[in-house]
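Structural overview for review
Here is how the chains run, residue by residue.
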Amino acid sequence: MKKIIPFKFIVFGFAFACILAGCAHQNNAPTQATKSSDQVVKKEEGLSRLSTTKNRIVDESGNPYIIKGISTHGLGWFPEILNQNSFDHFKNDFKLNTVRLALYTAENGGYCTDGNKKQLEQTLEKGIKLCQENEMYCVIDWHILSDQNPLDHLSESKEFFEKIAKQYGSSPNIIFEICNEPNGNTTWQDVCDYANQIIPIIRKYSNNLILVGTPNWSQDIDQAAQAPLDYENIAYTLHFYAATHKEDLRAKYKAVVDQIPIVVSEFGICDASGNGTIDEESANAWIRLLDQYDTGRILWNASNKEEASSILKPGTDMANWTLDDLSASGKWLLLQNKEHNQDQKQEEKADKTNDPVTVLKVNEWEKDEKQETQISIQITASQDLSTWTVDLEFDQPVQITDHWNCNAQASKNQIQLTSMDYNANLKKDQTLKDIGLIVKTNRKIDSSQIKAHLK
Ligand code: IDC
């Protein structure tokens, strides 16, 4: 079923779209991807090739696909993380589908400065192969940072992407990220000038998804939305560090999320230094928001460096770690998956039962000494409906903090949800998902205690 966007965002998005200027970029239609002869073999053939619609990443069936990944730290500094044990954990414990390989271009030991190019390439290839063997997407991240402007190392970048796209571009699991974080005085026009030279090189060999960084450390996605690049299968990156970037950046994201495809190709739950305090409340607010729009996200970073963003405790043996070695960031990532699993189990259960209404607890957190809970509702119509009402009964008094794709009213222990005009009509056996709300209570809510009636 088509994704339904909260009404308030549709209105906002539409108003915003109306004032946007058109794009002034040359029209370079992607060329047909050619098969590379030395393509690596490929357990990853089962992976669906990802592409973009106007504003989402989708799989080959056209369903929204959520990239869930972990980024390596700098490949030159922490290459030991690339081993089968790590990938087992990434895939089976964290249930991730993507690994991002961060190739710093300019820092100490960078690919374009004083780094050992050959060794860095070998490490990158090791990462690519592990992704392929484990059927995971692999983001090749040209990690500009202190070099601020991607045009600074244009010729190296051209050479690099020519080589990598030629060798690996026909594998469906490869995703190209052509500039991590443009920053300093780098403008969106600079990024476009760069992208307009790199993308055609990649497109000689591959039509795969390409991620493009945005100015201001990949936070100015509004600029990309005003003048998107003129190629297919391009998404723009938004980066956040939850303890530093909060409501302002979330508002910026919400304003453009329906205009361009966005991927959070790097985020941390600590501050922007990659260290400092962990802010789970802000991190959870981000994840709830990204979930609403099926936006992919990749956590920084898989290493044992002594900094808050690393998922392993300092000193952990990266060749042979276990879940006992997780830092606070690592534990948080693991918990994401547990909550996700719980949802999936409930959704599977819901699919098997014939209950017309399913109530799923998606997430919960504490705020101002109260409990906030995000709830998702599914309705399956047992007959054609032209309007619907769902009564929810809780075991305690409840208030509404937010809601989407429904009208909602609370009174004591009850909440009544009613249809919006765009989702009132349901055909027999049709399932309506994406109805959601956030409620505030004194105590934790057990979703099995919520009684739901469809009227
Ligand atoms: C940081 C690392 C840190 C390293 C530094 C190098 O966590 O150990 O010394 O880079 O300059 C980014 C960058 C990413 C940063 C990260 C945290 O993409 O390279 O990693 N960050 O500062 N953007 C925002 C935050």
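This structure is a prediction, so every number in the text was calculated from the model and none was measured.

**Some points on the site of the ligand**
Around the ligand there are 15 residues in total, and Tyr 104, His 143, Glu 181, Lys 305 and Glu 307 lie nearest to it. Contact distances for the ligand include 2.7 Å between a nitrogen atom and a side-chain N or O atom of Glu 181. Ser 273 is positioned such that a nitrogen or oxygen atom in its backbone is 3.0 Å from an oxygen atom of the ligand. Compared with its free state, where it exposes 500 Å², the ligand has 81% of that area covered by protein. Among the residues making up the shell around the ligand, the classes are represented as five nonpolar, five polar and five charged.

**Digging into the sheet that holds strand S17 (residues 431-441)**
Spatially, the four strands line up as an open sheet ordered S11-S12-S17-S14, and their pairing is antiparallel. Two strands lie at the open edges of the sheet, namely strand S11 (357-367) and strand S14 (399-404), each paired on one side alone. Direction aside, neighbouring strands of the sheet carry axes that sit 20° apart on average. For S11 and strand S12 (residues 370-380), the ladder comprises ten bridges, and the chain directions are antiparallel. Directly across from Lys 361, in S12, lies its bridge partner Ile 375. Against the sheet, helix H9 (residues 280-292) makes contact with S11, S12, S14 and S17, and its axis sits at roughly 155° relative to S11, the strand it touches most.

**As for a negative patch on the surface**
There is a patch of like negative charges on the surface, built from Glu 281, Glu 366, Asp 368 and Glu 369. On the secondary structure map, Glu 281 appears in helix H9.

**A word on the packing of aromatic side chains**
Tallied over the full model, the rule gives 17 aromatic pairs. With centroids separated by 6.1 Å and ring planes inclined at 45°, the aromatic side chains of Phe 90 and Trp 321 adopt a geometry described as tilted. Separated by 231 residues along the polypeptide, Phe 90 in helix H2 (residues 84-93) and Trp 321 in the loop between strand S10 (296-302) and helix H10 (328-352) bring together distant segments of the chain. Note on Trp 321: relative accessible area 1%, which makes it buried. Of the aromatic side chains, those joined through ring pairs into one cluster are Phe 240, Tyr 253, Phe 267, Trp 286, Tyr 293 and Trp 332. Looking at Arg 288, its charged tip hangs above the ring of Trp 365, at a distance of 3.2 Å from the centre.

**Things to note about helix H5 (residues 188-203)**
Helix length check: H5 (16 residues) gives 21 Å between terminal C-alpha atoms against 22 Å at 1.5 Å per residue, within 8%. Within H5, the axis deviates most sharply at Ala 195, by approximately 30°. With twelve of 16 residues buried, H5 lies mostly within the body of the structure. Within the span of H5, buried status applies to Trp 188, Asp 190, Val 191, Cys 192, Tyr 194, Ala 195, Asn 196, Ile 198, Ile 199, Ile 201, Ile 202 and Arg 203.

**What to know about the side chain of Asn 134**
Turning to its location among the elements, Asn 134 is positioned in the loop between helix H3 (117-133) and strand S5 (137-143). For Asn 134, a relative accessible area of 9% puts it in the buried group. In terms of polar contacts, Asn 134 uses its side chain to reach the side chain of Gln 84, at 2.8 Å.

**Quick notes on the side chain of Glu 372**
By the element assignment, Glu 372 lies in strand S12. Comment: no salt bridge for buried Glu 372; closest opposite-charge side chain is Lys 440, at 4.6 Å. Within the local environment of Glu 372, its side chain forms a polar contact with the side chain of Thr 401, the two groups lying 3.5 Å apart. The residues touching Glu 372, leaving out its near neighbours within four places in the chain, are Asn 363, Glu 364, Trp 365, Lys 367, Thr 401, Ile 438, Val 439 and Lys 440.

**Some remarks on the environment of Gln 416**
In this fold, Gln 416 is placed in strand S16 (residues 414-418). The partly exposed category is assigned to Gln 416, whose relative accessible area is 32%. Spatially, the C-alpha atoms of Gln 416 and Cys 406 are 9.6 Å apart, while their sequence positions differ by ten residues. Setting aside anything within four residues of it in sequence, one finds Gln 416 in contact with Thr 389, Val 390, Asp 391, Asn 407, Ala 408, Gln 409 and Lys 455. Within the structure, the side chain of Gln 416 is placed 2.8 Å from the side chain of Asp 391, a separation counted as a polar contact.

**Let's talk about the sheet that holds strand S9 (residues 262-268)**
The strand order around the closed barrel built from eight strands is S3-S4-S5-S6-S7-S8-S9-S10, with neighbouring strands paired in parallel fashion. Adjacent strand axes in the sheet meet at a mean angle of 25° when their direction is disregarded. Strand direction decides the pairing type here: strand S4 (residues 98-104) and S5, joined by seven bridges, are parallel. The residue of S5 that forms the bridge with Leu 101 is Ile 140. The sheet contacts of helix H8 (residues 247-256) involve strand S8 (234-241) and S9, and relative to S8 the element is tilted by about 165°.

**Quick look at the packing of helix H4 (residues 154-168) against H5**
One can describe the packing of H4 onto H5 by two numbers: an axis separation of 8 Å at closest approach and a directional angle of 20°. Put simply, H4 runs roughly parallel to H5. Taken as a pair, H4 and H5 cross one another with a handedness that is right-handed. Across the interface between the two elements, Leu 154, Ser 157, Lys 158, Phe 161, Glu 162 and Ala 165 from H4 touch Tyr 194, Gln 197, Ile 198, Ile 201 and Ile 202 from H5. For the contact of H4 with H5, the residue count by class is seven nonpolar, two polar and two charged.

Here is what the cut-offs are and how they apply
- Residues numbered from 1 in each chain as written.
- Predicted model: local features only at pLDDT ≥ 70, side-chain atom pairs only at ≥ 80, totals over all residues.
- Heavy atoms only, no water.
- Near = heavy atom within 4 Å.
- Polar contact = N/O pair within 3.5 Å; in protein donor to acceptor, adjacent residues only side chain to side chain.
- Areas by Shrake-Rupley, 256 points an atom, 1.4 Å probe, with all protein chains shown as cover.
- Nonpolar A, V, L, I, M, F, W, Y, C, P; charged D, E, K, R; others polar.
- Pairing = 2+ DSSP bridges.
- Helix = DSSP H or I, 4+ residues; strand = E, 2+ residues; numbered from the N terminus.
- Axes fitted to C-alpha atoms, helices over the stretch in contact; angles between N-to-C directions.
- Contact = heavy atoms within 4.5 Å.
- Patch = residues over 30% accessible without salt bridge, like charges linked within 9 Å, V, L, I, M, F, W, Y side chains within 5 Å.
- Salt bridge = Lys/Arg side-chain N within 4 Å of Asp/Glu carboxyl O.
- Lys, Arg positive; Asp, Glu negative; His and termini not counted.
- Charge placed at Lys NZ, Arg CZ, Asp CG, Glu CD.
- Phe/Tyr/Trp six-rings, centres within 6.5 Å; stacked < 30°, edge-to-face > 60°.
- Buried < 20%, exposed > 50% of the residue type's maximum accessible area, 1.4 Å probe, protein only.
- Lys NZ or Arg CZ within 6 Å of the ring centre and 35° of its normal.
- Expected span 1.5 Å × (residues − 1).
- Bend = angle between axes of the 7 residues up to and from the residue.
- Parallel < 35°, antiparallel > 145°, perpendicular 65-115°, else oblique.
- Left-handed = near helix turned anticlockwise from the far one by under 90°.

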